[in-house]
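One letter stands for each residue in the lines below.
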Amino acid sequence: MYLNIKMLEDFRTLKQGDEFNFDFSKHPEILIAGDNGCGKSTLVNVIRDYQCDNSKDDPNAVYQTKLGYCDIRGFKNKVEISTDFTRFYFISAEFDDPTSLNNSASAEALLENGGFQTKRMSTGQRGLAMLSKWLEENKEHWDEKTLLVFDEVDKGFDLSRQVGMSNMYRNLHKKFNVSILAVTHTLFPILAREEMFYFEFRKMVSSKFYCWMKTGYNITAEKLEDRKSTRLNSSH
């Protein structure tokens, strides 16, 4: 399975001629990482504008327009997309996105996603609740031609749930044979994979190289099979 994206004109931090090529036959679970503001979520919205099959998703809803962004329908003429996926499902940590973990942009969105009791939850608790709801609403339609797109869904999760999120990506692929594209700034999911997609380079690199480039530290994650835990080693 593959997804190839080419920008036909400049849009925000994405520039004309930029190409993003994802080969899921080699990497069924691809994590995207890069600097704040480099265009990762914008790229997710480009894909979402191409096609979104989320249950209950309404492209004409008031809360589809994200603060500081144009309406996602505005991407149509700015991009060329080729893919063999037939279904696309999205979930985001953007608070004003209709499929958001922290959704509170409007009364309509808030009531649709659990009501005012969610305001008493922590960010992490609300994230887990919304992630579970999203999975239950959509999973019956998933197959080998489905791409699941996660935009910083692990934001606000404690360390154990970061591990759980990383494991969930693998389990979703094994159970439904779906492919995963996940934007993250969270260190553990990156370290748990040998390679990840370095956004600014627009290519797959080793997780160790990415961490070294961004931090100046040699950081690795070694699974301790006998204790079923993970040890982080770092040296300057």
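**As for the pattern of salt bridges**
Part 1: Overall, the coordinates contain nine salt bridges when judged by the stated rule.
Part 2: Close ionic contact of Lys139 with Glu136 constitutes a salt bridge, the shortest N to O distance being 3.0 Å.
Part 3: Overall, the relative accessible area of 28% leaves Lys139 in the partly exposed class.
Part 4: A relative accessible area of 52% means that Glu136 is categorised as exposed.

**Details of the sheet that holds strand β4 (residues 79–83)**
Part 1: The antiparallel open sheet is built from three strands, whose spatial order is β2-β1-β4. Looking at the sheet topology across the chains shown, the edges are occupied by β2 (19–23) and β4. When the angles between neighbouring strand axes are averaged without regard to direction, this sheet yields 5°.
Part 2: Sheet topology places strand β1 (residues 2–7) next to β4; five bridges connect them, and they run antiparallel. Note on β4: the bridge partner recorded for Lys6 is Glu80.
Part 3: Relative to the sheet, helix α1 (residues 40–50) contacts β1, β2 and β4, its axis offset from that of β4 by approximately 70°.

**Some details on the pairing of β1**
Part 1: Burial along β1 is one-sided: the residues Leu3, Ile5 and Met7 are buried and none of Tyr2, Asn4 and Lys6 is.
Part 2: Note: β1 against β2, five bridges, orientation antiparallel. Its bridge partner lying in β2, Tyr2 is registered against Asp23.

**A few points about the sheet that holds strand β8 (residues 195–198)**
Part 1: The strand order across the open sheet built from six strands is β5-β6-β7-β3-β8-β9, with neighbouring strands paired in mixed fashion. Only two strands of the sheet have a single partner each, and these edge strands are β5 (87–92) and β9 (203–206). Pairs of neighbouring strands in the sheet enclose a mean axial angle of 25°, with direction left out of account.
Part 2: Taken together, the two bridges between strand β3 (residues 29–33) and β8 define a ladder with parallel strand orientation. Counted as the bridge partner of Ile32 is Phe197 from β8.
Part 3: The sheet contacts of α1 involve β3, β5, β6 (146–151) and β7 (179–183), and relative to β5 the element is tilted by about 140°.

**With respect to the confidence of the model for the chain**
Part 1: When pLDDT is averaged along the chain, the result is 80; 74% of the residues meet or exceed 70.
Part 2: The model gives residues 62–70 a pLDDT under 50, and that stretch makes 25 contacts with residues more than four places away or in other chains.
Part 3: Per-residue pLDDT stays below 50 along residues 95–105; that stretch engages in 47 contacts with residues further than four places along the chain or on separate chains.

Definitions and cut-offs
Residues numbered from 1 in each chain as written. Predicted model: local features only at pLDDT ≥ 70, side-chain atom pairs only at ≥ 80, totals over all residues. Heavy atoms only, no water. Salt bridge = Lys/Arg side-chain N within 4 Å of Asp/Glu carboxyl O. Buried < 20%, exposed > 50% of the residue type's maximum accessible area, 1.4 Å probe, protein only. Pairing = 2+ DSSP bridges. Helix = DSSP H or I, 4+ residues; strand = E, 2+ residues; numbered from the N terminus. Axes fitted to C-alpha atoms, helices over the stretch in contact; angles between N-to-C directions. Contact = heavy atoms within 4.5 Å. pLDDT = per-residue confidence, 0-100.

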